[in-house]
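Residues per chain are reported as follows:
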Amino acid sequence: MARPSGRPERPPARASGERAAPAIRIREGTPADARACAEVHVEGWRWAYRGLLPDGFLDRLSVEDRERMWREGFAEPGERVAWVAERDGRVVGFCVTGPSEDADADRGTAEVYAIYLRPEVVGTGVGRRLFEHAVEDLRRRGFRRATLWVLEANERARRFYERAGWRPDGAVNEERIDCANLPTVRYRVEL
């Protein structure tokens, strides 16, 4: 069932008001995960951005195109790391990190490039565990701070990052084609 925002409803809350966090495994992604990551990518975008980005843009997202992107990404050597969250052997989320791509960043600055989940696990704690794991890995890799970009209108994501201690740093970008050139804001945290 769709909510007025166009997003499908999440699973119902438990009697206590909390959904039980499913048993998950977080591991580094491999080329064998390309299809599953592509599916999460498309499902996650359509759920998270419906009502925020143009419907036509979201409807044209292709799992096949995203799978090709993931296969190429896994094949490229470098410092990017894709973490995947699995539940019952199925990939339900991913988080990609590495050195910051921002022109004003120094070598000690990392970036969380993306984190997406299958809609059915949003609000269950999977995203929080995946995000914390990825950020802790950045600390272990010697980064001193991290940034990420989020669609300015994406209040749900902004609350998620703020609960984790991240804050907007004042930078705004309106030249991200993947966000239909709508304003994105940069968040930052000291590691």
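Cut-off values and rules
- Starting afresh in each chain, residues are numbered from 1 along the sequence in its written order.
- In keeping with the model being predicted, local features are shown solely for residues with a pLDDT of at least 70 and side-chain atom pairs are shown and tallied solely at 80 or more, while totals for entire chains, interfaces and linings include all residues.
- With hydrogens and water set aside, each side-chain value is computed from the structure's full complement of heavy atoms.
- Every axis corresponds to a line fitted to the C-alpha atoms, with the helix fit spanning only the stretch in contact, and the corresponding angles, defined between N-to-C directions, vary from 0 to 180 degrees.
- Secondary structure elements follow DSSP: runs of H or I no shorter than four residues count as helices, runs of E no shorter than two count as strands, and numbering proceeds from the N terminus.
- For classification purposes, angles smaller than 35 degrees are called roughly parallel, those larger than 145 roughly antiparallel, those between 65 and 115 roughly perpendicular, and all remaining angles oblique.
- Take the far helix as your reference; a near helix turned counterclockwise from it by less than a right angle gives a left-handed crossing, and one turned clockwise gives a right-handed crossing.
- Any two residues having at least one pair of non-hydrogen atoms within 4.5 Å are treated as being in contact.
- Lys, Arg, Asp and Glu make up the charged group, whereas Ala, Val, Leu, Ile, Met, Phe, Trp, Tyr, Cys and Pro make up the nonpolar group; the residues left over, Gly among them, are polar.
- Expected span of a helix: the number of residues minus one, times 1.5 Å.
- Each residue gets one of three labels from its accessible area relative to the maximum for its type: buried under 20%, exposed over 50%, partly exposed in between, using a 1.4 Å probe on protein chains only.
- The arc in question is the one traced by the directions running from the helix axis out to the C-beta atoms.
- The predictor's confidence in any single residue is recorded as pLDDT, a number from 0 to 100.
- Strand pairing is assigned whenever DSSP identifies at least 2 bridges connecting the two strands.

A word on the packing of helix 1 (residues 34–49) against helix 3 (residues 63–75)
Thinking step 1. Put simply, helix 1 and helix 3 touch, their axes get as near as 8 Å, and they point 130 degrees apart. By the angle between their directions, the pair helix 1 and helix 3 is classed as oblique. When the axes of helix 1 and helix 3 are compared, the crossing they make is right-handed. Of helix 3, the residues touching helix 1 (which contributes Ala34, Arg35, Cys37, Ala38, Glu39, His41, Val42 and Trp45) are Val63, Glu64, Arg66, Glu67, Met69, Trp70, Arg71 and Phe74.
Thinking step 2. Here the residues of the contact of helix 1 with helix 3 are counted per class, giving nine nonpolar, one polar and six charged.

Let's talk about helix 1
Thinking step 1. Taking 1.5 Å as the rise per residue, helix 1 with 16 residues should run 22 Å; its terminal C-alpha atoms sit 22 Å apart, in good agreement.
Thinking step 2. Among the 16 residues in helix 1, twelve count as buried, and that is most of the element.
Thinking step 3. Three or more residues of helix 1 are buried, namely Ala34, Ala36, Cys37, Ala38, Val40, His41, Val42, Gly44, Trp45, Trp47, Ala48 and Tyr49.

What to know about helix 5 (residues 155–163)
Thinking step 1. Buried residues of helix 5: Ala157, Arg158, Phe160 and Tyr161, and no others. Across the axial projection of helix 5, the buried residues extend over an arc of 155 degrees, all falling on one side. Those residues of helix 5 that are exposed and aimed more than 90 degrees away from the buried face are Glu155 and Arg163.
Thinking step 2. In this structure, the buried side of helix 5 is in contact with strand 4 (109–117), helix 4 (126–140), strand 5 (145–151), strand 6 (167–173) and strand 7 (184–190).
Thinking step 3. Phi turns positive one or two residues past the end of helix 5, at glycine 165, with a value near 95 degrees.

Structural notes on the confidence of the model for the chain
Thinking step 1. Taken as a whole, the chain shows an average pLDDT of 89; of its residues, 85% reach a score of 70 or greater.
Thinking step 2. Low confidence marks residues 1–16, where pLDDT is under 50. Its contacts with residues over four positions away, or in another chain, come to 30 contacts.

Observations concerning the pairing of strand 3 (residues 90–99)
Thinking step 1. With eight of ten residues buried, strand 3 is to be regarded as a mostly interior element.
Thinking step 2. Alignment of strand 2 (residues 81–87) against strand 3, held across seven bridges, turns out to be antiparallel. Looking at strand 3, one finds that alanine 82 is bridged to valine 96.
Thinking step 3. Remark: two residues form the turn of the hairpin made by strand 2 and strand 3, two consecutive strands paired antiparallel; aspartate 88 in that turn has positive phi of roughly 55 degrees.
Thinking step 4. Sheet topology places strand 3 next to strand 4; seven bridges connect them, and they run antiparallel. Bridging across to strand 4, glycine 98 finds its partner in glutamate 111.

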